[in-house]
Amino acid sequence: AMPTAQSWSFTTQAASGCPCTIWADTATPASASSTDTSAVELGVKFRTDVSGTITGIRFYKGPTNTGTHTGSLWSRTGTLLARATFTNETATGWQTVTFSTPVNVTAGTTYVASYHTTNGGYAEDVNYFKTSGVDRGPLHALKQGIDGNNGVYSYGTNPTFPTSGSTKARNYWVDVVF
């Protein structure tokens, strides 16, 4: 037995003050709704400075982006790491879906976050990644050319890995929760 009672106190905090996102909640697209009405998967290539977990996907919803939305997280080469369908969406603004199980990600590795929209009308800013990426530590949306094109997409009625990209370096306003 100890002769006198002992007490200790500990302070814990998340590494780097996360949960973190690539864009602040106040960030908004210049073009909130494309005139494209096709079903399409829209994605962003990103990296993180520190290993951790991605708990979900976010996207900015414009007024004509109706229908079903499905968020996915992929490896750089197209392996599906997690997927979830958005529910309880608002008419416009940032929408978030949480995966049933968080996904471990490795620092310095490129991943693709995407979402599928059944009716188009997606947010789209052309040439957004042309001259710079988005650096909001620990997350980084990649500048055009760092790992191929950024602003990737694939047309189709079902969620699929977005493999197409262009020199237009479009930002489709897809984000992650790290």
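The structure we're discussing is the one just above.
What counts as what
Residues numbered from 1 in each chain as written. Predicted model: local features only at pLDDT ≥ 70, side-chain atom pairs only at ≥ 80, totals over all residues. Heavy atoms only, no water. Helix = DSSP H or I, 4+ residues; strand = E, 2+ residues; numbered from the N terminus. Buried < 20%, exposed > 50% of the residue type's maximum accessible area, 1.4 Å probe, protein only. Contact = heavy atoms within 4.5 Å. Areas by Shrake-Rupley, 256 points an atom, 1.4 Å probe, with all protein chains shown as cover. Lys, Arg positive; Asp, Glu negative; His and termini not counted. Charge placed at Lys NZ, Arg CZ, Asp CG, Glu CD. Polar contact = N/O pair within 3.5 Å; in protein donor to acceptor, adjacent residues only side chain to side chain. Disulfide = S-S within 2.5 Å. Pairing = 2+ DSSP bridges. Phe/Tyr/Trp six-rings, centres within 6.5 Å; stacked < 30°, edge-to-face > 60°. Lys NZ or Arg CZ within 6 Å of the ring centre and 35° of its normal.

Asker: Would you explain the overall build of the protein chain in this entry?
Answerer: Along the protein chain, the regular secondary structure elements total zero helices and 10 strands. Going from N to C terminus, the protein chain has its helices and strands arranged as β-β-β-β-β-β-β-β-β-β. In terms of overall dimensions, the protein chain has a C-alpha envelope of 75 × 35 × 30 Å along the principal axes. Counting across all 178 residues of the protein chain, residues that qualify as buried make up 47%. Intrachain contacts of the protein chain at a sequence separation of at least 6 include 80% that bridge at least 24 residues. Accessible area for the protein chain stands at about 8,700 Å²; split by element, carbon and sulfur atoms hold 50% of it. Across the protein chain, the centroid of the 11 positively charged side chains sits 5 Å from that of the 10 negatively charged ones.

Asker: In this structure, what is going on with the side chain of Arg58? I would like to understand it.
Answerer: Mapped onto the fold, Arg58 is located in strand E2 (residues 52-61). Among the polar contacts made by the side chain of Arg58, one reaches the main-chain carbonyl oxygen of Trp23 at a distance of 2.9 Å. Leaving out residues up to four positions away in the same chain, Arg58 has contacts with Thr21, Trp23, Ala24, Asp25, Trp94, Gln95, Thr96, Trp173, Val174, Asp175, Val176 and Val177.

Asker: How should I be thinking about the state of the cysteines in this particular structure?
Answerer: Each disulfide is one covalent bond, formed between the sulfur atoms of two cysteines. Per the stated rule, a full pass over the model turns up one disulfide. Each disulfide pairs two cysteine sulfurs, and for Cys18 the partner residue is Cys20, the sulfurs being separated by 1.9 Å. As the torsion about the S-S bond is roughly -90°, the Cys18-Cys20 disulfide counts as left-handed. Like Cys18, the residue Cys20 is buried in the burial classification.

Asker: Before we go on, may I ask you to explain the pairing of strand E9 (residues 152-155) in this structure?
Answerer: Looking down a regular strand, the side chains alternate between one sheet face and the other. Here E9 shows one buried face, formed by Val152 and Ser154, and one open face, formed by Tyr153 and Tyr155. Examined bridge by bridge, strand E1 (residues 40-48) and E9 share four bridges and lie antiparallel to one another. Bridging from a neighbouring strand, Val40 pairs with Tyr155 of E9.

Asker: Help me out: how do you make sense of the packing of aromatic side chains in this one?
Answerer: Two aromatic rings, taken as a pair, are described by how far apart their centres are and by the angle between their planes. Taken as a whole, this structure holds 14 aromatic pairs when the rule is applied. Consider the rings of Trp23 and Trp173, whose centres lie 5.2 Å apart with planes at 40°: the pair is tilted. Residue Trp23 is found in the segment before E1, and its partner Trp173 is found in the loop between E9 and strand E10 (174-177); the two are separated by 150 residues along the sequence. Both residues of the pair, Trp23 and Trp173, belong to the buried class. What links up through ring pairs into an aromatic cluster is the set Trp23, Tyr60, Trp94, Tyr128, Phe129 and Trp173. Lying over the aromatic face of Trp94, Arg58 brings its terminal NZ or CZ to 4.1 Å of the ring centre.

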